[in-house]
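Understanding the architecture of this molecule
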Amino acid sequence: MDDGQGWTAAPAAAERARSVLATAWSCAVTADGGREEFVGAHTVTEDGRLLLNVPEDSALVAAAICAPRGEPSAVLEFADVSPVPVRNRIRARLWLAGWFAPEDGDLAFHATRVVLRQSSGAVVVDVDEFAAAAPDPLATAEARLLTHLADCHSDAVERLTRLVEPDSLHGAVKVQPIAVDRHGLTLRIERTRAHGDVRLPFHRPADDVAQLTERMHVLLNQASAASCPRALQRQRTDGDG
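Residues numbered from 1 in each chain as written. Predicted model: local features only at pLDDT ≥ 70, side-chain atom pairs only at ≥ 80, totals over all residues. Heavy atoms only, no water.

1. Regarding the overall build of the protein chain
For the record, the criterion: Helix and strand definitions here come from DSSP, where helices need a minimum of 4 consecutive H or I residues and strands a minimum of 2 consecutive E residues; each element is numbered from the N-terminal end. Working definition of accessibility: Shrake-Rupley area with a 1.4 Å probe, residue cover restricted to the visible protein chains.
The secondary structure content of the protein chain amounts to seven helices and 11 strands. Surface accessibility of the protein chain: about 12800 Å² in total, with carbon and sulfur atoms responsible for 50%.

2. A short note on helix α6 (residues 209-225)
One turn of an α-helix holds 3.6 residues; hence residues three or four places apart share an orientation. Condition: Each helix should span, by expectation, one fewer than its residue count multiplied by 1.5 Å. Each residue gets one of three labels from its accessible area relative to the maximum for its type: buried under 20%, exposed over 50%, partly exposed in between, using a 1.4 Å probe on protein chains only. Two residues qualify as a contact provided that any one of their heavy atoms is within 4.5 Å of a heavy atom in the partner residue. In protein, a polar contact requires one atom able to donate a hydrogen and another able to accept it; more generally it is a pair of N or O atoms within 3.5 Å, and residues adjacent in sequence count only if both atoms are side-chain atoms.
In this model, α6 (17 residues) spans 24 Å end to end at C-alpha, consistent with the 24 Å of a helix rising 1.5 Å per residue. Among the residues of α6, L212, R215, M216, V218, L219, L220, Q222 and A223 are the ones counted as buried. Against α4 (142-152), α5 (154-160), β9 (172-181), β10 (184-191) and β11 (195-201) lie the buried residues of α6. One side-chain oxygen at the N-terminal end of α6 lies 3.2 Å from the backbone nitrogen of A210; it belongs to D208.

3. Describing the side chain of S82
With respect to the helices and strands, S82 occurs in the loop between β5 (74-81) and β6 (90-103). When sequence neighbours within four positions are dropped, the list of residues in contact with S82 reads R89, R91 and I178.

4. Some details on the sheet that holds β9
Rules: Being paired, for any two strands, means DSSP has found at least two bridges between them. Lines fitted to C-alpha atoms define the axes, with helix axes restricted to the stretch in contact, and inter-axis angles between N-to-C directions lie between 0 and 180 degrees.
Pairing within the open sheet is antiparallel, and its three strands lie in the order β9-β10-β11. Each edge of the open sheet carries a strand with a single partner, namely β9 and β11. Strand-to-strand twist across the sheet, computed as the mean angle between neighbouring axes with direction ignored, equals 25°. For β10 and β11, the ladder comprises seven bridges, and the chain directions are antiparallel. Residue E190 lies in a different strand from β11, and its bridge partner there is H195. Here α4 sits on the sheet and contacts β9 and β10; the angle it forms with β9, its principal contact strand, is near 155°.

5. A closer look at the confidence of the model for the protein chain
Rule in force here: Within a predicted model, pLDDT stands for the predictor's per-residue confidence, ranging from 0 to 100.
For the protein chain, per-residue confidence averages 86 on the pLDDT scale, and 88% of positions sit at 70 or higher. The secondary structure element of the protein chain with the lowest average pLDDT is helix α7 (residues 230-240), at 46, and the one with the highest is α4, at 96. Per-residue pLDDT stays below 50 along residues 233-241; that stretch engages in six contacts with residues further than four places along the chain or on separate chains.

6. A look at unusual backbone geometry
Of note in this structure, N88 is not a glycine but carries a positive phi near 55°. Overall, the relative accessible area of 51% leaves N88 in the exposed class. Look at D104: it is not a glycine, yet its phi comes out positive at around 55°. For D104, the position within the fold is in the loop between β6 and β7 (106-118).

7. Comments concerning the pairing of β9
The buried fraction of β9 amounts to eight of the 10 residues, a majority that puts the element mostly inside the structure. Pairing of β9 with β10, which is carried by eight bridges, proceeds in the antiparallel orientation. Paired with K174 across the two strands is E190, which belongs to β10. Taking the residues that link successive antiparallel strands as the turn, the β9-β10 hairpin has two residues.

8. Regarding the nonpolar core
Keep this limit in mind: In this description, a nonpolar core means a group of buried Ala, Val, Leu, Ile, Met, Phe, Trp, Tyr and Cys residues linked to one another through side-chain atoms lying within 4.5 Å.
Residues L52, L76, F78 and F100 are the most contacted members of the largest nonpolar core, which totals 30 residues. Listed in part, the 29 residues of the second largest apolar core include V86, A141, A179 and A206.

9. Here we look at the environment of A139
Topologically, A139 is positioned in the loop between α3 (127-132) and α4. Through-space distance from the C-alpha of A139 to that of D181 is 6.9 Å; in sequence the pair is 42 residues apart. Setting aside residues no more than four positions away along its own chain, A139 makes contact with S19 and T23.

10. What to know about the packing of aromatic side chains
A ring pair, where both rings are aromatic, is described by two values, the distance of the centres and the angle of the planes. The condition that has to hold: Pairing of aromatic rings covers Phe, Tyr and Trp, the last counted by its six-membered ring, and requires centre-to-centre distances within 6.5 Å; plane angles under 30 degrees mean stacked, over 60 mean edge-to-face, and any other angle means tilted. Put simply, a charge is over a ring when the Lys NZ or the Arg CZ is close to the ring centre, within 6 Å, and near the line of the ring normal, within 35 degrees.
For the structure on display, the rule yields one aromatic pair. Sitting over the ring of F130, R18 keeps its end group 5.7 Å from the ring centre.

11. Quick look at α4
Convention followed: The arc in question is the one spanned by the directions pointing from the helix axis to the C-beta atoms.
Among the residues of α4, those classed as buried are E142, L145, L146, L149 and A150. When α4 is viewed along its axis, its buried side chains cluster within an angular range of 120° and face the same direction. When the buried face of α4 is taken as reference, the exposed residues oriented beyond 90 degrees from it are R144 and D151. Packing partners of the buried residues in α4 comprise β6, α5, β9, β10 and α6.

So, in structure tokens, the structure goes:
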């Protein structure tokens with residue numbers, strides 16, 4: 001098995017968008033000139049359709065009934081929030097434009113436009129690709145995995161910084177794991193007045209938690225074999241007075 005870091009892929013935009021949708025707990029809906037916030041009210045079908053369970057007296061129900069069928073009449077917004085406390089915790093935002101139709105007591109949303117915004121910028125996701133994509137297989141476990149890594153294995157996080165270019169660690173005051181997916185782990189490098197993210201790709205994708213454990217062990221073994229970055233050494237010296 002090749003343990004070199006040759007795998008550099010990141011989640012495709014459609015997969016990332018479906019992951020945000022699968023893990024977001026709240027949803028903001030703008031329709032008919034009004035905006036409502038719903039918590040724990042949406043579910044997603046396998047084909048990417050979104051079902052929203054709202055109170056019968058919600059203005060959204062009336063708007064869905066009165067709106068011309070098939071015409072974009074609502075915008076849904078979801079936020080992807082880091083489970084680990086860091087500066088600027090929102091990692092991505094997802095907007096879906098489209099229309100609602102009543103379906104078995106819920107409102108079924110039919111998307112006509114999908115926009116994903118991450119730190120790298122905004123991208124329009126093809127609607128058919130969005131419907132066909134699946135969430136990252138680690139998406140629903142990510143919060144638990146990251147908080148465990150941050151809270152219980154800070155020594156491992158520090159060791160992983162040996163895989164980061166020294167220039168990226170210049171001025172670092174704290175390093176936290178901010179994201180993990182089947183393709184790699186992302187570390188947040190926090191400085192006094194700024195921050196940056198560094199991605200550590202796995203040598204091959206992980207399709208479940210067991211495979212993720214093996215991929216993390218490979219990264220840690222690589223880190224153990226690497227020297228401590230000079231920037232981090234300087235940071236420790238300065239901190240020790």
